[in-house]
Structures are given as structure tokens and as C-alpha cells.
Amino acid sequence: MTNIPSVMWAAVTRDWNDIQIEQVPVPDFGPDEALVRVGACGICGTDLKIFAGVYRGSWPPSLPFIQGHEWGGTIVALGRDVSGLQVGDRVVAENHKGCGTCANCRAGRYNLCEGARTRDPAYKLYGHSAQGAFAQFAARPAVLLHRLPDTVSFEESAIVNQGALGLHAIRRCGIEPGDTVVVIGPGLIGLVTMQLAKVTGAARVIVAGSGPRLDLARELGADDVVDVSKTDSLDGILKLTGGRGVDCAFECAGASSAVATSLNCVKRGGRVALIGLTGNVPSELNTDRLTLDEIDVFGVRSSPNCYPPLITLIASGRVNVRKLVSRIYPLERIAEAFEAYRNREGGAIRMVIRF
Ligand SMILES: [Zn+2]
Ligand SMILES: [Zn+2]
């Protein structure tokens, strides 16, 4: 067993929009948990919202709180009931822990655990309602940890959490060989989803968005792009498909206008995956279009059972996430990293804290 200190450095959200680097106790770990030395942890849009107090009372339940849910690290100690993992293993952590016993958990849909509704303490959402990983160490149930091949860096592991959402979207939507798809919103999820669509058999991938992210989309394999700062997104997508529309649309922008575009840009009989959150802003829905053209619409939440295949695809080089790590910061500069991400400096996709 590695020498484990009793205290560690952590970034503690003390008050809304106030983060401090403090010494705190290294977390205890239960018999079915592992203690992990954090290697890298990404900062996402949800972190900024949690930090600003948008979800106060639930994410987090109270302050002070340690955020951070997109991370990987090295196991330093194991609870007595853990099997299949070893001290020294490099791992990446899921953040949704289902209760394990409700009907959805038993069906493998632990992202929809009923425990979230009934406030079952066995349900945990790490970094949101349970302590996160902007800290030197984090304790997690072993079931949430997945081994990382040596070729996948900790910085890349910080992309897996959000990237896996794209994989879940593709499973929900069901891409067929030869499909034409559009990805609306070339942020992190969009840029991973776009690559996964190609890996899964899409013949043509269109990306709709604006700014330097469109160049990155092209670099990562987009066949066509629609610059929504110059063209109406729906017109642009329809024009590229001869008016027919795409087979599948992935809404990754989280804007109600993009939701409307996604529902209208698919072919008759097309499929739509809604991944972005609009923050409860309603979207216009022409249900006649959905009914008369038999459009299938899929909500996509989190990434159940998606880490292992995504890790394999990253390790094989079929999915490139290196280019999605925009800047790396040490823990001491996390406040600066939050600020830079809020301003999306340099068109940032992801800021990552490296320990
Ligand atoms: Zn996130
Ligand atoms: Zn459950």
C-alpha cells in the first residue's frame, strides 16, 4: 500500500463564485471503494453553473463543497471487498452511481436511477451532490472505476465523462451504415459525437456551429460545416442534403433554436437526439411534423455503460480527444481556469486541472 497522507490540498467552493485552495482531510473509503490519487480533472459548463449557485440546495446540497466530476487518476488503496482492481491501476471515474436495486438500475439504466427521485442515499452524483475530484485524492465505489490503457493520458481521461454522452446518444439514436448525420453545436460533446458517428458507420457528417470550433470540426473529420453566423442553420443543412434532410440529428448546443432546427432538419422517418440542456427554456414543437413524418426523438442523459467502449476507441486512435483539451492548469490556479473557461478564452473546449 502506498503511503497515504491524512490531509490533502483541495479546491473548496466556499461560497457562490468563491473557490479556495485549502487543506482538508483525505476522504475515508468504504469496503467496496477505492481511494484514487487524482491525475487530472476537467472543468465543464455544469461546474460553472454549480459554482454560481444555479442549482443551490441540490447541487451541492450545502457549502463548503468540493466540485469536479470529469477525471482520472491512480488507485492508491482498496477497500477489502473490491476485486478486479489493483493498487497502481490508472483509472477513469464515472460520476453517476445508481442504487443498484431499482428497476432502472437492474435494467442497466443507472443514469435514470429512481433513487434520484426518492432521495435514496445509495444514489450518488459525485461532483454534484457528493464530494468531487478537484482534490489530490477522491474515494469512489469500485464499480465506477474503469481501467485506462497506458496510452491514454490523464488529460484525455478528463474528456471521457462528457465524451461518453455522445456514445450514449449514438446508441439511443441508432446510426445505420451509410447515414448522413448532423451535429449541431461543436463543443466537446459535439466534437466527440461527430467522430463517433463516423466510427459507427455514418458516411457523411455535417457540423453546424460557428467560430474556430468549425475549423476544429473539419480537422477532426467533419465532411461539411454550416456556419450559423452566416447562414440559417436549417436552410444550410437542408441545402447540403438536396432538401431531403439528414437521417439523424444530434442537438449538442443546448439552445431552443437549435432544438427546433434539429427537429426540422431530419428526413421523413428521421431520428433526433437531444443532448444539450436549454435551462428549461421551452422549445417550439410542431407535433404534426413529428406525427406525419414519424420523427423519433430521444432524450439523452449521462452515459450508462459507455465508458469502456469509448476508452477503447480513444486508445485505438479512432476517436481523438487530445485536441479537445484546450489548456492545462495546476490546482492552485483553478479560479483563473474557471474564469478563462467562463469566457471561453481562445474558443476553449475544455480546461483541465492537472495534479
Ligand atoms: Zn461535466
Ligand atoms: Zn437505482
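Computed from a predicted model, the values in this text were never measured in an experiment.

For the rest of this paragraph, the subject is the overall build of the chain. Looking only at helices and strands, the chain has 11 helices and 17 strands in total. For the chain, the C-alpha radius of gyration of 20 Å lies close to 20 Å, the compact-globule estimate for 355 residues. Taking the principal axes of the C-alpha coordinates as reference, the chain spans close to 65 × 45 × 40 Å. Looking at the chain as a whole, 53% of its 355 residues qualify as buried. When contacts within the chain are restricted to residue pairs at least 6 apart in sequence, those whose partners lie at least 24 apart make up 70%. Here the chain contributes 37 positive and 36 negative side-chain charges, whose respective centroids are spaced 2 Å apart.

Okay, the pairing of strand β11 (residues 204-209) next. Within β11, 5 of the 6 residues are buried, which leaves the element mostly enclosed by the surrounding structure. Two elements, strand β10 (residues 180-184) and β11, share 5 bridges in a ladder whose sense is parallel. In the strand pairing of β11, V182 is matched with I206. Remark: the β10/helix α5 (residues 188-200)/β11 crossover connection has right-handed handedness. As a crossover connection, the stretch from β11 through helix α6 (residues 212-219) into strand β12 (residues 224-227) is right-handed.

So, about the domain arrangement of the chain. Its domain assignment divides the chain into domain 1 (7-147 + 325-354) and domain 2 (166-299). Put simply, the middle of domain 1 and the middle of domain 2, counted by C-alpha atoms, are 30 Å apart. Tallying the contact residues gives 7 residues for domain 1 and 8 residues for domain 2. Each partner contributes to the roughly 510 Å² buried at the junction of domain 1 and domain 2, and carbon and sulfur atoms together form 57% of this total. Between domain 1 and domain 2 we count 0 salt bridges in total. For the pair domain 1 and domain 2, the interface holds 1 residue pair in polar contact (both at pLDDT 80 or more).

This next bit is on the coordination of the zinc ion (ligand 1). With distances of 2.0 to 2.3 Å, the protein atoms coordinating the zinc ion (ligand 1) are C44 (SG), H69 (NE2) and E70 (OE). Donor residues for the zinc ion (ligand 1) sit on one chain with the sequence pattern C-x24-H-E. Taken as a pair, C44 in the loop between β3 (33-43) and α1 (45-52) and E70 in strand β4 (residues 70-78) lie far apart in primary sequence, 26 residues in all. Neither residue differs from the other here; C44 and E70 are each classed as buried.

To continue, consider helix α10 (residues 307-316). Along α10, the residues classified as buried are Y307, L310, I311, L313 and I314. Looking down the long axis of α10, one finds its buried residues gathered within 160 degrees of arc, a one-sided arrangement. Next to the buried residues of α10 lie β5 (90-93), β9 (145-147), α4 (154-173) and α5. One or two steps after α10, the chain reaches G317, where phi turns positive at roughly 85 degrees.

Right, let's get into the packing of aromatic side chains. Following the criterion strictly, the structure yields 3 aromatic pairs and no others. Pairing F134 with F338 gives two aromatic rings, centres 5.9 Å apart and planes at 65 degrees, and the pair type is edge-to-face. One end of the pair, F134, is in the loop between β7 (124-125) and β8 (137-141); the other, F338, is in helix α11 (residues 334-342), with 204 residues separating them in the sequence. Here the two residues F134 and F338 agree in accessibility, since each one is buried. Through successive ring pairs, a cluster of aromatic residues spans F51, F134 and F338.

Burial analysis of β3 places 10 of its 11 residues in the buried class, which makes it a mostly covered element. The pairing of β3 with β8 spans 5 bridges and is antiparallel. In the strand pairing of β8, V36 is matched with A138. As defined by bridge partners, β3 adjoins strand β17 (residues 351-354) across 4 bridges and the pair is classed as antiparallel. Bridge assignment links A40 to a residue of β17, and that residue is R354.

Another point: the coordination of the zinc ion (ligand 2). The coordination sphere of the zinc ion (ligand 2) contains the protein donors C99 (SG), C102 (SG), C105 (SG) and C113 (SG), at a distance range of 2.3 to 2.4 Å. Between the 4 donor atoms coordinating the zinc ion (ligand 2), the angles at the centre fall across 101 to 119 degrees, so the site counts as tetrahedral. Counting along the primary sequence, the residues that act as donors to the zinc ion (ligand 2) give the motif C-x2-C-x2-C-x7-C. Taken individually, C102 and C105 each receive the classification buried, so the pair is uniform in this respect.

Rules behind the numbers
Residues numbered from 1 in each chain as written. Chains lettered and ligands numbered in written order. Predicted model: local features only at pLDDT ≥ 70, side-chain atom pairs only at ≥ 80, totals over all residues. Heavy atoms only, no water. Helix = DSSP H or I, 4+ residues; strand = E, 2+ residues; numbered from the N terminus. Rg over C-alpha atoms; globule rule 2.2 N^0.38 Å. Buried < 20%, exposed > 50% of the residue type's maximum accessible area, 1.4 Å probe, protein only. Contact = heavy atoms within 4.5 Å. Lys, Arg positive; Asp, Glu negative; His and termini not counted. Charge placed at Lys NZ, Arg CZ, Asp CG, Glu CD. Pairing = 2+ DSSP bridges. Right-handed = clockwise from strand over helix to strand, strands pointing away. Domains from an automatic or database assignment. Buried area = accessible area lost by both parts, 1.4 Å probe. Salt bridge = Lys/Arg side-chain N within 4 Å of Asp/Glu carboxyl O. Polar contact = N/O pair within 3.5 Å; in protein donor to acceptor, adjacent residues only side chain to side chain. Donors = N, O, S within 2.8 Å, 3.2 Å for Na, K, Ca; no water. Arc of directions from axis to C-beta. Phe/Tyr/Trp six-rings, centres within 6.5 Å; stacked < 30°, edge-to-face > 60°. Tetrahedral: all angles 85-135°; square planar, octahedral: opposite > 155°, others 65-115°.

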